[in-house]
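Read off the chains here:
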Amino acid sequence: SVAAVERAIDACKAKGAKRAMALPVSVPSHCDLMRPAAERFASSVESIEWQAPQIPLVQNVSAAVVADLEVLKRDLLAQLYSPVRWVESMVALGDRGVTSLVECGPGKVLSGLNKRCVKGVSTYNLDTPEAFATARAALA
């Protein structure tokens, strides 16, 4: 509820948080409130014919490279209600030699986070046609 979020923001600030703010989201992603949605989504996940990834895939639930299909399915569902281990995931990518990432979607939130997570990794975002052209040229 909005009131609960406002109370949480006030409590964080009272405890010395540098910044606490409500995020404009339509669902309570990455918290236990999404567990019922994950349970309903499970039948759809099971109905898909899965193939092992052809490139290493870092799961944001575990910050680990996962290839086992059962673990991938479990983690896909868990990411709906589990905290995102973003910093650890970016470090894992950096440790694997990744030097460029692409943020798909509006805004530059992840680009900003990535700058603080791991050195030597550039993030290109695709929030405008010009940014798309820049990313394409840089990654060509």
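Residues numbered from 1 in each chain as written. Predicted model: local features only at pLDDT ≥ 70, side-chain atom pairs only at ≥ 80, totals over all residues. Heavy atoms only, no water.

A.B. asks: What's the story with the pairing of strand 2 (residues 122–125) in this structure? I'm lost.
C.D. replies: Within a regular beta strand, the side chains point alternately toward one face of the sheet and then the other, so they alternate between its two faces. Pairing analysis gives 4 bridges linking strand 1 (residues 100–103) to strand 2, with the strands arranged parallel. If you follow Leu101 over to strand 2, its bridge partner there is Thr123. With respect to chirality, the unit in which strand 1 leads through helix 5 (residues 109–117) into the neighbouring parallel strand 2 is right-handed. (Pairing = 2+ DSSP bridges. Helix = DSSP H or I, 4+ residues; strand = E, 2+ residues; numbered from the N terminus. Right-handed = clockwise from strand over helix to strand, strands pointing away.)

A.B. asks: What should I look at first to understand the nonpolar core in this one?
C.D. replies: Side chains that are nonpolar tend, in soluble globular proteins, to be buried together. Within the largest apolar cluster, 8 residues are counted, these being Val58, Met90, Ala92, Leu93, Leu101, Cys117, Val118 and Val121. Ranked by the residues each element gives to this core, the list is headed by helix 4 (residues 86–95), at 3 residues. Apart from residues no more than four positions distant in its own chain, Leu93 is found in contact with Val58, Val98 and Leu101. In terms of nonpolar packing, the next biggest core, distinct from the first, is built from 7 residues, Met34, Val61, Leu77 and Tyr81 among them. (Core = buried A, V, L, I, M, F, W, Y, C linked by side-chain atoms within 4.5 Å. Buried < 20%, exposed > 50% of the residue type's maximum accessible area, 1.4 Å probe, protein only. Contact = heavy atoms within 4.5 Å.)

A.B. asks: Can you help me understand the environment of Thr123 in this one?
C.D. replies: Within the fold, Thr123 resides in strand 2. Distance from Thr123 to Ala135, taken between C-alpha atoms, is 8.9 Å for residues 12 residues apart in sequence. One polar contact links Thr123 to Asn114, side chain to side chain, over a distance of 2.9 Å. (Polar contact = N/O pair within 3.5 Å; in protein donor to acceptor, adjacent residues only side chain to side chain.)

A.B. asks: Just checking my understanding: could you explain the environment of Val58 for this structure?
C.D. replies: Following the sequence through the fold, Val58 ends up in the loop between helix 2 (35–47) and helix 3 (69–78). By relative accessible area, which is 18% here, Val58 ends up buried. Separated by 35 residues in the primary sequence, Val58 and Leu93 have C-alpha atoms spaced 7.4 Å apart. Ignoring anything within four residues of it in the chain, the contact list for Val58 reads Ala63, Ala64, Val65, Ser89, Ala92 and Leu93.

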